[in-house]
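Listed below are the residues making up each chain.
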Amino acid sequence: LTTTTTTMMTARPTATHARHATAARAAAVRPTTARPAMISGRVSTRDVSMRAEKFNSDDVLKTIADKWEETENKSTVITYVAGATAAVWLSSTLVGAINAVPLLPKIMELVGLGYSTWFVYRYVLFKDSRKELVEQVDALVSRVSGEE
């Protein structure tokens, strides 16, 4: 084994390896060409970088600061944010504890798969049930937004 390893380490590259190395160096040096913004429905990296340039963090911070100044009941907002943070932390801790039990994560996956299958059969598979789902979602949105 030692002899084989030493022989492999000191072996000279063949002509094929040299051609591949030369092609790789040439590809690394070759400049890239500009691509159109949309290629077969996909967004190019140039288009994404142009959108990223339009994002200005100073404007976002200024907007947040203005909204904070307009807020009358700041203690309520702070309480809600603290409560949401505590809820996220608690749920993360709970999921970690459930995940530590050996068989429970697999059972939870099966429950999730079963519920997903039932939901697709009940609301997505047939046209009438899709209409019912859209009506229920619209009713919920109107209740939450206060239109109802």
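This text follows the structure it describes.
About the criteria used
Residues numbered from 1 in each chain as written. Predicted model: local features only at pLDDT ≥ 70, side-chain atom pairs only at ≥ 80, totals over all residues. Heavy atoms only, no water. Patch = residues over 30% accessible without salt bridge, like charges linked within 9 Å, V, L, I, M, F, W, Y side chains within 5 Å. Areas by Shrake-Rupley, 256 points an atom, 1.4 Å probe, with all protein chains shown as cover. Salt bridge = Lys/Arg side-chain N within 4 Å of Asp/Glu carboxyl O. Helix = DSSP H or I, 4+ residues; strand = E, 2+ residues; numbered from the N terminus. Phe/Tyr/Trp six-rings, centres within 6.5 Å; stacked < 30°, edge-to-face > 60°. Buried < 20%, exposed > 50% of the residue type's maximum accessible area, 1.4 Å probe, protein only. Lys NZ or Arg CZ within 6 Å of the ring centre and 35° of its normal. Expected span 1.5 Å × (residues − 1). Contact = heavy atoms within 4.5 Å.

### Considerations on a nonpolar patch on the surface
Next up, step 1: Where nonpolar side chains cluster on the molecular surface, the patch consists of V101, L103, L104, I107, M108 and V111 and spans about 520 Å² of accessible area.
Next up, step 2: Relative to the elements of secondary structure, V101 occurs in the loop between α5 (74–100) and α6 (104–124).

### Comments concerning the packing of aromatic side chains
Next up, step 1: For the structure on display, the rule yields 4 aromatic pairs.
Next up, step 2: Arranged with centres 5.5 Å apart and planes meeting at 35 degrees, the rings of Y115 and W118 form a pair that is tilted. With Y115 and W118 both in helix α6 and 3 residues apart, the pair spans about one turn of that helix.
Next up, step 3: Note on F119 and Y123: the rings are 5.2 Å apart at their centroids and 45 degrees apart in plane angle, and the pair reads as tilted. One end of the pair, F119, and the other, Y123, are both in helix α6, 4 residues apart, so they sit about a helical turn from each other.
Next up, step 4: The exposure class assigned to F119 is partly exposed, which follows from its relative accessible area of 28%.
Next up, step 5: Positioned above the aromatic ring of Y123, the side-chain terminus of R122 is 4.7 Å from the ring centre.

### Examining helix α7 (residues 127–145)
Next up, step 1: Taking 1.5 Å of rise per residue, the 19 residues of α7 would be expected to cover 27 Å, and the 27 Å separating its terminal C-alpha atoms lies within 8% of that figure.
Next up, step 2: G146, located one to two residues past α7, shows a positive phi value of around 90 degrees.

### As for the environment of I98
Next up, step 1: Inspection of the secondary structure assignment puts I98 in helix α5.
Next up, step 2: Owing to a relative accessible area of 26%, I98 belongs among the partly exposed residues under this scheme.
Next up, step 3: Sequence separation between I98 and M108 is 10 residues; the distance between their C-alpha atoms is 9.2 Å.
Next up, step 4: Excluding residues that lie within four positions of it along the chain, I98 makes contacts with L104, P105 and M108.

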